[in-house]
Amino acid sequence: AKNSGRDNLQFFTPELNERVLRRLQLENDLRHAVERDELVLYYQPRIDARTGALAGVESLVRWMHPQRGLIPPADFIPIAEESGLIVGIGAWIIAEACSQHRHWRRAGIGAVPVSINLSAVQLREPGLCATLDAALRQHAVEPAQIELELTESILMDKVDDTIAVLRDIKALGCTISIDDFGSGYSSLSYLYRFPIDKLKIDRAFIQNMHSAPQNLAVTNAIIGLGHTLGLQVVAEGVERLEDVDLLRAAGCDELQGFYYSRALPAAEAQAWMAAHAAA
Ligand code: C2E
Ligand code: CA
Ligand code: CA
Ligand code: CA
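So, a few notes on the structure that sits alongside this text.

What counts and how
Residues numbered from 1 in each chain as written. Chains lettered and ligands numbered in written order. Predicted model: local features only at pLDDT ≥ 70, side-chain atom pairs only at ≥ 80, totals over all residues. Heavy atoms only, no water. Donors = N, O, S within 2.8 Å, 3.2 Å for Na, K, Ca; no water. Buried < 20%, exposed > 50% of the residue type's maximum accessible area, 1.4 Å probe, protein only. Axes fitted to C-alpha atoms, helices over the stretch in contact; angles between N-to-C directions. Helix = DSSP H or I, 4+ residues; strand = E, 2+ residues; numbered from the N terminus. Parallel < 35°, antiparallel > 145°, perpendicular 65-115°, else oblique. Left-handed = near helix turned anticlockwise from the far one by under 90°. Contact = heavy atoms within 4.5 Å. Nonpolar A, V, L, I, M, F, W, Y, C, P; charged D, E, K, R; others polar.

1. Focus: unusual backbone geometry
Residues other than glycine predominantly adopt negative phi, and peptide bonds predominantly adopt the trans conformation. In the Ramachandran plot, lysine 158 falls in the positive-phi region, its phi being about 55° despite a non-glycine side chain. Positive phi is not limited to glycine here, since aspartate 180 has a value of about 50°.

2. Remarks on the coordination of the calcium ion (ligand 4)
For the calcium ion (ligand 4), every protein donor is listed as Asp179 (OD), Asp180 (OD), Glu236 (OE) and Glu236 (OE), and the spread of their distances is 1.9 to 2.9 Å. For the calcium ion (ligand 4), the donor residues sit on a single chain with the sequence spacing D-D-x55-E. Between the two metal centres, the calcium ion (ligand 4) and the calcium ion (ligand 3), the spacing is 4.2 Å, with aspartate 179 acting as a shared donor. Residue aspartate 180 is classed as partly exposed on the basis of its relative accessible area, which comes to 23%.

3. Some details on the coordination of the calcium ion (ligand 3)
Protein-derived ligands of the calcium ion (ligand 3) are Glu58 (OE), Asn117 (OD1), Glu149 (OE) and Asp179 (OD), with the metal-ligand distances lying across 2.1 to 2.3 Å. Sequence positions of the donors to the calcium ion (ligand 3) reduce to the motif E-x58-N-x31-E-x29-D. Note on asparagine 117: relative accessible area 27%, which makes it partly exposed.

4. Describing the packing of helix α6 (residues 128–138) against helix α8 (residues 159–172)
Contact pair α6 / α8: the axes reach a minimum separation of 10 Å and the direction vectors enclose 15°. The angle between the axes of α6 and α8 places the two elements in the roughly parallel class. For the element pair α6 and α8, the recorded crossing hand is right-handed. Residues Leu128, Cys129, Leu132 and Asp133 of α6 touch α8, and the partners they reach there are Val165, Asp168, Ile169 and Leu172. For the contact of α6 with α8, the class distribution of residues is six nonpolar, no polar and two charged.

If you want it as structure tokens, here you go:
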């Protein structure tokens, strides 16, 4: 086995080699991304479906790589998770979102509820609640202003452990939503056991709703299920006025998507909110 390193080299085609190198380099660069201040949060508005008012914003991380430019989360969050770097990065995201919340409050925008995406690794990490609590205190953010988004698949893995962590998060006073709902394998019979506040319907259903009646049926069913369980229901990936009309008619509570706005850098999100409030 000692010599196998050299023997293995023959299996690396130039393309594979390049991919492995790129990946190793990204992981190495990611190690310094927080201290070099290369990560940024973008914010996408969520809209109250009934009133059209701003309901909050979702924070979405991006990496401003000095050589490669803006890297979307799908290209580095998995690397962060596999390498364990997500714990430090996730703590930065939580602190930054809380700091932004305070900034907007002081800038006169008001208290804008901010949602934060949590990865599976963060949820299993024992320090999560302490990290959250410290960020809330440091930036004097009311816990109810922070919503944590977890995907359906994270939830269903180790159900009892998950429930315990979710209870701790709820005890802090934060709210919890299930992201990408309908895309995974969630057992509906478990759903009522989780101390959650919201379902976010996976955007795959929303995007084909206008042309595929079965997607509209699923969307309606999720809204009905959510309301039966006493949960708020959010639709993401809302791109057309048609979607807005269908979702309003279906009784959906909040809408999010390109129809209203893309995810924007903090300053642009602030300008959007100021203009939206005035309109
Ligand atoms: P997600 O949580 O489901 O976030 C929604 C994604 O859909 C975002 O992509 C958003 O820009 C995009 N989106 C919003 N509205 C529309 C629309 O109308 N049409 C279309 N086609 N897309 C829309 P983004 O920012 O690239 O994020 C992708 C995923 O990366 C997120 O999916 C989330 O799973 C993950 N992610 C993003 N930020 C974070 C973070 O801070 N922490 C963690 N752990 N994961 C994150
Ligand atoms: Ca910064
Ligand atoms: Ca999300
Ligand atoms: Ca989602």
